[in-house]
Structures are given as C-alpha cells and as structure tokens.
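What follows is each chain in one-letter form.
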Amino acid sequence: MDDLLVQSVLVQWRVNGKLHEIEAMPGMSLLDAVREQLGLTGTHMGCQTGHCGACTVMLDGRIVKSCLTQAATLPRAEIVTIEGLKRADGTLNPVQQAFWDEAGFQCGYCAPGMLLSAMELLAEHPEPTDAQIDTGLAGNLCRCTGYRSLVRAVKAAARKLQDTSGQTPG
Amino acid sequence: MADHSTTDDTRYVGQAVRTIEGRAPIVGAARYTNDFVFPGQLYAHIVRSPHAAARIRRIDSSGALKVSGVVRVLDGAEAAAHLKPITHYIDPAVFGGKSAEVRVMAVDDVWCYGQPVAVVVAEDKRTARFAAQRIQIVYDVLEPVLDAEAATAPDAHIVVPGWDSNIMMQAPFRNGDPDAAFAKAAHVVKTSVDIHRFSTQPIETRCYNAVWEHDIEGVTLYATAQNPHPLRHVLSEVLGMPESKIRVHAPVIGGAFGMKMHGHPEEALMCLLAKLTGRPVKWTETREECLLIGAREQRHHMELALDADGVILGLRDRYFANVGAPSACPGWGMAFLTGLTMPGPYAVRDIDVQMTVVITNKPSWNAARGYGKESTALALELAIEDAARQLGMDAAEIRLKNFIRAEQFPYNSPTGLIYDSGDYSGAVLKAMHAIGYEGWKARQAEGPKDGKYIGIGVAFELTPEGGALPGTMVAGYDSSSVRVAPDGSVRILTGVTTPGTGNPTGIAQIVADELGVTMDAIEVTQGDTTTCPYGFGNYSGRSTIVGGGSAALAAQQVRAKVVTVAAALFDVPEADVELHRGVFSVKGQQGRTLTFKEVCYAAYTGAYSVAHGITLPLEATATFKPSNIRHTPDENGRINPYPSYSNAAYVTVCEVDVETGKTKVLAFAAAHDCGRVINPVLVEGQACGAISFGVGGAMFEAIAFDSSGRQLTRSFMDYVMPRSEDLPAVKMVHHDSPNPVTYMGLKGAGEAGVGGSAAAVVNAINNALIPLGVSLNTLPLSAPNVWGAIQAARKRGQREAAE
C-alpha cells in the first residue's frame, strides 16, 4: 500500500522457544504473521472470522484464534504453534501420538488447531468427560470425521498422559 | 466403534493400520496448496458482482492501476480475448441438454451474485484487496429469477441471453406402466420434498498458485484439485496450450467432498495471469467466496401408488433442480444422478420420473458428496415415511416389505442400472438391533416428558460408486505404477488422488500384501500430472476400487519379477520361492532366506545373469477397469455407468423440544455395506464423516438469499455446521456383501451416509411430532423451521376446534 502514514510496530515474540522480532503492520493478523513472516505454515486459515479454529495457536499459555488476533497488539508474547509441539528429542508428544494412533483426523487441515485445543482441555481436565471434550473442542470445526474419532483420540491422549504421570501436555 | 477383528493377521488388508500420511499434519509439516510461496510471488484478488442479474455498462480500472504495488488488472472482456470458454467437466449437450458458454469472468452479462467481474494482481494480498475497491463498475441491474419452478414460467427473465427458456435439461426416467399401477392402487400418497441449498465447505478453501515456466513457455498450477489430469486437459483447451506444457500439482488437500472438482473460473484465470505477468500468481478463496458454491437445491413432487398391504406398485416424481447460473463444474450432473438412482433399493418396476434442470440467477452448484444420490434417498425415504404414516404401518415394516431381496442380485433397475450385490433387509434389521429399536418404541409409547417428544426414524440409502459417464472425463478405470528401487524401497504412483480420506494408506496396505513387503517400505505419490500415470483423480468413491485395484495388479507384476530373480539366486524353481513382508524363503528349506533389498539389488545389477529373464527396471504400471460398466445402450437406450452399489441403513432417535423447536439426536445406528473392508478405522471414519454431512444438512446448514438474489450466508456465523456436541455417537455395524467384479469385492466407502442419515433424522423428527399433527418436508429442520411448523399446526388445530 502506498500510504506512508501507516506505522508498523516492532514486536518481540518467543515462538516455539525461539526469539523473533517482527515489523507488524496495522491490520496484520497473528495468523498472517506466523504463516508469512515466520514461515510456520502448519497454522491454517479456514474462515477468517474465528468460527472454525483451524488457525488456533497458543498465546501466553492460552489458545487463541490467530486470525482474529492483531499482531501489532502483542508487543511481547510467548507463542506456541503446531511446529513447536514435538518433544526435544523430536518424538511426538502424547497428544500428537494419540491423534495419529486413533485416526483422530482425516485431511489434517483442522488437526493443528484441534490438537492445541485438546492440549488446553487436557491441562484443565486430565480425565475429561464426553461433555467436557465436546466443550473443549467446541471452537474447532472438522468437516471430515464427524468428531467421534477426535473424541476417541482425546480420551486416548488422556490415558497416555496419565500413564506418563507428572508430565504435562507438551 | 465397530468390531475391528480381522480373520488374517498375516495380511495388512483388513487391519486398522495407522495412516502413512497422518504424521505430517500433526507436526505442521503437511504442505497444502496455500503453503507454497515462490520467488516473485504475486497475489490476485477477484472483484465479484454484487447483483444477481445485470448488464455491465462500464468498467473503469484506472483507480486500481494507480495503486503502488498493483501489477495487472484484468476485466472479463480482456480475459475473454486471451482465453476460450471453460471446457465443461460434464457437458450437458452430451446428455441432450443445453450447454452455455462459460467464461472465467463476466463478459457484458452478469448471471449471478458473486460472479467474477475483474481481477487485480499485486505484490501482496492486502494491496490487491485494497486496489480492487478502486475499480468502478457501472451495472444495469435486472430482475433476477431465483426459484426453479418460477424460472420455467414463459415470462421469466432468461438468464443466458439467446436461450429460449431457463430449462437446461429435461429427462424422463420411465419404466413399465406407471399409469396402470396408479389406476389399480388402493392408496396414492403425494409428498412434496423441498431439499434446500447446502454445501460441502471443506475447512481448507480453494487455492491456485500458477507459476510461469519461462524455459518451456508453459505453466505449473499448484491447485486444490481432486482431478489433476482432467484439469490439465481443461487448462490446455482454455489456454490454447498443449497438455505437455502444463503441469498440475495437487499437494495435500484439506478436504474436498466434490467442491474441488474443476471448472472453476479461477483455475485458468491464474494461469493466464502468470503468463501475462511472467510471475507466480496465487489466489486463495475466502470463506465468503467458498460459500457461493452451492448444491442440492431440489424440489420433488412425489407420488407413491400402494396396494392395501403397503406394497409399492408405482412411483411418480416431478423434480426441479435449481442449479444456479451455468458453470463448467460438474455440479449440475447431481440432478441427473438423482433420477438415475430412482427408485433406489425398492423393487418397484413401474416408475415415471421427470427431471427438470433449471438455470437461475443464483450462484452455481458444484459436485457435493452424495452427488445427487443423497437427494434420491431424501425424496424416497420422506415419501415412504409419509406412506407408512397414512397407512398406519411401522416405518421398518413398510421398507422390509418393498426392498429388493438379497437373492435378486445382480438386479436390473428400472432405469438401467445393474446393482451388483446387497442385503438391504438384513442391513435394516442389523441397524434396528444395534440401536435397540423395540426399546426406543417402548420409551416413545410412554409419551413426551417435559415438553420433549421422542421420534424414531428409519432410512435407507443406495450409493452407486465408481461412476463412468460416457463422453466425459468421468472415467470408470484408473491406473497405478509400482516402482521398486535397488534398495528395495517401494514407490506407488496413482492416477487417483486423496482429499484426505486415507486412500494412500489403503492402497499401500494392498500393495504391501500383493508385493510381499512391509508397510514402512512404501511411499505413495499422488496428484502430480508430471510424475503420476494418467488418471482421473478422486470422485464417486472410486479411489480404493480403481486405485487399489490397479496398484494390486501392478504389484503382482513386480512381484513376479523379483520372484524370478530370487529363484535364480536360490537356484530353485519359482514355485518354491516364498515372499512375505520383505523376506524371501524357500518352501520346505528352513534357514535359506534373502532380504527383499538383496534380491532387488541383485536384479538391478544382474541384468545379464540372475535378472536375465525379466524386464528391468522393477516397475510396472497397470490399469483396473471394472468389467460391469456398460456404455453400449440396451434396447431401451439405457446404460450402466456404475460398477458398484454401496448401501446403508440408518436408524435414529431424535428428541424435539416443542416449546423451542430445538432438536437433538439421541441415538444413531448405521449398517453399512461397502464391500470388502481394507481398513476398518478408515472406513468408519468415512461413514461417520458422511453422517455428519447428513445430520448437519438436515438440521442446520442452509444457504439463504434475499429477494434480489444477494446471498445472505457469508460466513460460518450464518452457515452453521455441526460441532462435536451436535453429533451423536454412531453405532456402526458392517453388513458387507462383496462386489463380485471388483478387486477383492471393494464397493467404495466415500459417499454413503449423507442422504440416508439426513432422511433418518428428518423422519425421526416428523415421527416425534405425529401427536402434534406436524409433517415437515421442507428442509432444513432447523429449530426456527420446526418451531414454525409446530405453531402453524397449533393454530390450525385451534381454528378447527373453533369451527
């Protein structure tokens, strides 16, 4: 755009453990910043209105819809995206493992957002009921599975986390 | 969950193997089309018509061109100078209909709200969007036609200039003597079924990124495309460029469900813009744009002739499909399939079905999972429910009385289809048992509690799969290559593609068994026209039938080669060589083994010794062509375009809160026949996904317009799709009859679930509302619509009481 009055904001984020400085333009969403400035394309655009949850990331320990979050409003932030979920040794974390083992998802487009929502859910409810899982996933749409396999995956993840007690998701 | 037990654990087929493509998305490594960015990348933004019907008087792009960062602006007339009309995926003219000239952007006349009118290409997407607002377009707004039946009126606005009417195609599906059947009927039941416009809406919207290849003066299109090879053919015709200069690459696809079949204007348009700018040009669809793609808006006027015992003697249906504006996409063909699939699973011979496909000023359809067969199921099952109600019969009883019997297969349907196999009564009985039918009936008999009424719905669905339409790129066959490298690793390349259904894993399971290797030795490549064998991609539940079938044949050929080499190495007859999971052994001689890798390396390096008798390399390409597809018309001019007839029975229990109209699915059972099951978890995933389409379509999802034809449904705020809490646990039982002509009896598992589950839910809700005198066959049965119907029935009751 040719508007020279547009003022960018320099923001400092720790993304998946790594420090970044980004020139955030007004109107730039956290989704665009993560995908286009940082090249982390595992976070997906689905609707741009906050309804589908494909863009879910973790911001300062809580999940947010990155499409609705303005990058320039976050001068300092701790951000975790799907790329940051693997353990230090490169293996899958128990929730990722359960999503794969249980065929929780199909096309995989919603899976990153679903995973982050599931991780927050399991942090709050280590042994979630069906109703708690439904609520925990209520911000994420999946068009492939009909959700039953996702519920199964979340339950399997809960069991895996119980087995490796003392471990928090992630 | 269904029983996942398998009879033979020495084989991968039949086992719930974890998907080979499943790791990438959960670590953020799967690359979808929108994830590709190339050096010099440009971005396109499309200006769309805000009017449903208009003439374009003037387009002034000068304002947009002044914006810094804008590289190119193009309007419809200029695009038409460079591009031919888009080739129809399924040309209506081939089937006796009218074929419109579809351009990538409107030239002079606007046919629908949202039609592309101009495009801006800029250095970044924000600039493109900003500049697009500076294009000034002057329209003469016309009165649109929006309703299918109204559009057939003699004085209706003609959507396509030069056409004599808005009727694109009319076709009868007629057999026997329906008039005689109706003349002798004890009961004639008339039911109008209004199926609304609803859409597939994959979470990944469409995206095209065209890269100009300066070296060959060709183009590579990265595309959310289900059918890369046929799309390449269309691009070749539209761009006037040989297919050999075009590469279509469909990377990981985030759900498709028919919507990513081609004919969309943006495909060729991005290629043209890449050519004109010499730089990569990307367009990513917004959700608002994605919601413009409709499907299924169809009104049926059904009549059933029944004898005194509830046997259906004849069927009449006059149906009108509102397919919107002309499009090159294959959506309109859904309406044809609706008629062709009549009368579904029922043994009715005397039928008189008349299809009318109508063009209106609504946005166009594209293919949607179910492909018209879901509308057959809805129309039939709602009409039969009406008949059961009027005759005082049980919903299951009337169906069991009228099904084609298991011993009647192969069955020649009255429209010319040849159903391969099935046991429809058995499936319904299994689904009833799974849900506890009698228990729920007893609970229903106890009456409503706290204003909540319970209803039970039964429905059946026949979904012909693997379709092949003559004279079109909807082919019934497909091909795969199996390539084994000197290190023994295996690459499968297929002509079929995956929109995320798991078929690469199913195909790898088949090849692992047929070739004799372990699953971890296999990689699968799909969706690239330069590397994969010519293929037709993904539609019609075909990918495992023909993709798996052809990969099995190729694997058998490669296995024969490596067995020959191993026999030479062992110095034993070939018949004595065994190969299982990557290890060769000799029958009866313990301890003599060779690894797959050792034999493959010996083959590649022993062309004049141990591999003398085989053709190197260790590769084969094979085609699977189901033998029962028949395109030569019979004496009545009928063809059988389908090799496979998947089917399923559904029983649901719904609860209706009569004070709010809110409905809830309490229990759901399905008995599914998709033939032989390769991977039970993946099959169940397909079925549950289709069921969520059906339940969502029946209860929530709808695309609405205002009276001037502007679409009101523009985001997921308005287009309400089921979330986790909205869907019940599904009790899934398999009731498989293997298809006698396909590889291992495969039938296709992708589509069954949409229409049958939608019909079962509608029937359950209407069943619940019998005490209130409500029968609602105008979909969707959303809370406001149900509440409205209850209020209307109450007022009617009060009026009648007063009289």
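Residues numbered from 1 in each chain as written. Chains lettered and ligands numbered in written order. Predicted model: local features only at pLDDT ≥ 70, side-chain atom pairs only at ≥ 80, totals over all residues. Heavy atoms only, no water.

1. Overview of the overall build of chain A
Thinking step 1. Across its full length, chain A carries 5 helices and 5 strands.
Thinking step 2. For chain A, the N- to C-terminal ordering of α and β elements is β-β-α-β-β-β-α-α-α-α.
Thinking step 3. In terms of C-alpha radius of gyration, chain A reaches 17 Å, essentially the compact-globule figure of 15 Å for 170 residues.
Thinking step 4. The principal-axis extents of the C-alpha atoms in chain A amount to approximately 55 × 30 × 25 Å.
Thinking step 5. Counting the 170 residues in chain A, one finds 55% classified as buried.
Thinking step 6. Once local pairs closer than 6 in sequence are excluded, the contacts in chain A between residues at least 24 apart make up 56%. (Helix = DSSP H or I, 4+ residues; strand = E, 2+ residues; numbered from the N terminus. Rg over C-alpha atoms; globule rule 2.2 N^0.38 Å. Buried < 20%, exposed > 50% of the residue type's maximum accessible area, 1.4 Å probe, protein only. Contact = heavy atoms within 4.5 Å.)

2. Regarding the domain arrangement of chain A
Many analyses report the size of an interface as the accessible area lost when the parts associate.
Residues and elements named next belong to chain A.
Thinking step 1. Segmentation of chain A into domains returns domain 1 (9-84) and domain 2 (94-163).
Thinking step 2. If you average the C-alpha positions of domain 1 and of domain 2, the two centres end up 22 Å apart.
Thinking step 3. Contacts between domain 1 and domain 2 engage 16 residues on the former and 13 residues on the latter.
Thinking step 4. On the surface where domain 1 and domain 2 come into contact, there are 2 salt bridges.
Thinking step 5. The partner of Glu-124 in a salt bridge is Arg-62, with the nearest N and O atoms 2.9 Å apart. (Domains from an automatic or database assignment. Salt bridge = Lys/Arg side-chain N within 4 Å of Asp/Glu carboxyl O.)

3. Things to note about the interface of chain B and chain A
Thinking step 1. Facing the 55 residues of chain B at the interface are 51 residues of chain A.
Thinking step 2. Buried surface at the junction of chain B and chain A, summed over both partners, amounts to about 4,400 Å²; 57% is from carbon and sulfur atoms.
Thinking step 3. At the junction of chain B and chain A, the tally comes to 5 salt bridges.
Thinking step 4. The salt bridge partner of Arg-18 of chain B is Asp-101 of chain A, with a shortest N-O separation of 2.7 Å. (Buried area = accessible area lost by both parts, 1.4 Å probe.)

4. Concerning the pairing of strand 14 (residues 312-324) of chain B
Residue and element names in this part refer to chain B.
Thinking step 1. Among the 13 residues in strand 14, 11 count as buried, and that is most of the element.
Thinking step 2. Taken together, the 9 bridges between strand 13 (residues 298-306) and strand 14 define a ladder with antiparallel strand orientation. Among the inter-strand pairings, Met-302 is bridged to a residue of strand 14, identified as Asp-317.
Thinking step 3. Counting the residues in the hairpin turn of strand 13 and strand 14 gives 5 residues, including Gly-310, whose phi is positive at 90°. (Pairing = 2+ DSSP bridges.)

5. Brief notes about the domain arrangement of chain B
All names here are of chain B.
Thinking step 1. Along its sequence, chain B is carved into domain 1 (23-29 + 477-624) and domain 2 (403-469 + 632-802).
Thinking step 2. Just the C-alpha atoms count here: the centres of domain 1 and domain 2 sit 40 Å apart.
Thinking step 3. Taken together, the contact between domain 1 and domain 2 spans 18 residues of the former and 20 residues of the latter.
Thinking step 4. Taken over both partners, the interface formed by domain 1 and domain 2 buries close to 1,200 Å², and the fraction arising from carbon and sulfur atoms is 64%.
Thinking step 5. Linking domain 1 to domain 2 there are 0 salt bridges.
Thinking step 6. Linking domain 1 with domain 2 are 5 residue pairs in polar contact (both at pLDDT 80 or more), by the criterion used here.
Thinking step 7. For the side of domain 1 that touches domain 2, the secondary-structure elements that each account for two or more residues are helix 15 (503-516) and helix 16 (543-570).
Thinking step 8. Among the elements that take part in the side of domain 1 that touches domain 2, helix 16 stands out by supplying 6 residues, more than any other.
Thinking step 9. Class assignment of the residues belonging to the side of domain 1 that touches domain 2 gives a composition of 5 nonpolar, 11 polar and 2 charged. (Polar contact = N/O pair within 3.5 Å; in protein donor to acceptor, adjacent residues only side chain to side chain. Nonpolar A, V, L, I, M, F, W, Y, C, P; charged D, E, K, R; others polar.)

6. A look at the packing of helix 11 (residues 373-391) of chain B against helix 12 (residues 395-402) of chain B
Residues and elements named next belong to chain B.
Thinking step 1. Two elements in contact, helix 11 and helix 12, have axes whose closest approach is 9 Å; the angle formed by their N-to-C orientations is 115°. When the axes of helix 11 and helix 12 are compared, the pair comes out roughly perpendicular. The chirality of how helix 11 crosses helix 12 is right-handed. Contacts from Glu-381, Ile-384, Glu-385, Ala-387 and Ala-388 in helix 11 reach Ala-395, Ile-398 and Arg-399 in helix 12.
Thinking step 2. Looking at side-chain class alone, the contact of helix 11 with helix 12 contains 5 nonpolar, no polar and 3 charged residues. (Axes fitted to C-alpha atoms, helices over the stretch in contact; angles between N-to-C directions. Parallel < 35°, antiparallel > 145°, perpendicular 65-115°, else oblique. Left-handed = near helix turned anticlockwise from the far one by under 90°.)

7. Brief notes about the packing of aromatic side chains
Thinking step 1. Going through the model one piece at a time under the given rule, you end up with 21 aromatic pairs over all chains.
Thinking step 2. Ring geometry for Tyr-109 of chain A and Tyr-32 of chain B: centres 5.0 Å apart, planes at 90°, overall edge-to-face. A residue pair is termed interchain when its members come from two chains, as with Tyr-109 of chain A in the loop between helix 2 (94-101) and helix 3 (111-124) and Tyr-32 of chain B in the loop between helix 1 (23-26) and strand 1 (42-48).
Thinking step 3. The class of Tyr-32 of chain B is buried, set by a relative accessible area of 1%.
Thinking step 4. For the pair Tyr-642 of chain B and Tyr-645 of chain B, a centre-to-centre distance of 6.4 Å together with 65° between the ring planes defines the contact as edge-to-face.
Thinking step 5. Classification of Tyr-645 of chain B as buried rests on a relative accessible area of 0%.
Thinking step 6. In this structure an aromatic cluster arises from ring pairing among Tyr-346, Phe-403, Phe-409, Tyr-424 and Phe-460 of chain B.
Thinking step 7. Here Arg-18 of chain B stacks its cationic end above the ring of Trp-100 of chain A, 3.8 Å away from the centre of that ring.
Thinking step 8. The residue whose ring lies beneath Arg-581 of chain B is Tyr-12 of chain B, and the NZ or CZ to ring-centre distance is 3.8 Å. (Phe/Tyr/Trp six-rings, centres within 6.5 Å; stacked < 30°, edge-to-face > 60°. Lys NZ or Arg CZ within 6 Å of the ring centre and 35° of its normal.)

8. With respect to the sheet that holds strand 27 (residues 663-673) of chain B
Residues and elements named next belong to chain B.
Thinking step 1. Within the open sheet, the 4 strands sit side by side as 18-26-27-28. Their pairing is mixed. Unpaired on one side and paired on the other, strand 18 (452-465) and strand 28 (730-734) mark the two borders of the sheet. Here the strands of the sheet are splayed against their neighbours by 15° on average, with no regard to which way each runs.
Thinking step 2. With 5 bridges connecting them, strand 27 and strand 28 associate as parallel partners. Counterpart to Phe-668 in the pairing with strand 28 is Val-730.
Thinking step 3. The strands touched by helix 18 (residues 680-699) within the sheet are strand 26 (644-657), strand 27 and strand 28, with strand 27 carrying the most contacts at an inclination of about 140°.

9. Here's the deal with the pairing of strand 20 (residues 490-494) of chain B
Residues and elements named next belong to chain B.
Thinking step 1. By the criterion of burial, strand 20 is predominantly enclosed, with 4 of the 5 residues buried.
Thinking step 2. Following strand 19 (residues 478-484), the chain reverses through 5 residues before pairing antiparallel with strand 20; Gly-488 in that reversal takes a positive phi of roughly 85°.
Thinking step 3. Direction of pairing for strand 20 relative to strand 21 (residues 522-525): parallel, over a ladder of 4 bridges. By the bridge assignment for strand 21, Ile-492 is matched with Val-524.

10. Brief notes about the packing of helix 3 of chain A against helix 5 (residues 148-163) of chain A
Residue and element names in this part refer to chain A.
Thinking step 1. It is at 11 Å that the axes of helix 3 and helix 5 come closest, and there the two elements cross at 50°. By the criterion of interaxial angle, the relationship of helix 3 to helix 5 is oblique. The two elements helix 3 and helix 5 cross, and the hand of that crossing is right-handed. Here Met-114, Ala-118, Leu-121 and Leu-122 of helix 3 come into contact with helix 5, specifically with Leu-150, Val-154, Ala-157, Ala-158 and Leu-161.
Thinking step 2. A per-class count over the contact of helix 3 with helix 5 returns 9 nonpolar, no polar and no charged.

11. Regarding unusual backbone geometry
Residue and element names in this part refer to chain B.
Thinking step 1. The peptide bond linking Met-342 to Pro-343 adopts the cis configuration, its omega dihedral lying at -5°.
Thinking step 2. Assignment of secondary structure puts Pro-343 in the loop between helix 10 (333-340) and strand 15 (350-359).
Thinking step 3. A cis amide bond links Leu-616 to the next residue, Pro-617, at an omega of -5°.
Thinking step 4. Relative to the elements of secondary structure, Pro-617 occurs in the loop between helix 17 (596-605) and strand 25 (619-624).
Thinking step 5. With a phi angle near 45°, Gln-201 is a residue other than glycine that sits in the positive phi range.
Thinking step 6. Checked against the element boundaries, Gln-201 lands in the loop between strand 8 (187-195) and strand 9 (207-213).
Thinking step 7. At Arg-296, a residue that is not glycine, the phi angle is positive and equals roughly 75°.
Thinking step 8. With respect to the element layout, Arg-296 can be found in the loop between helix 9 (287-290) and strand 13.

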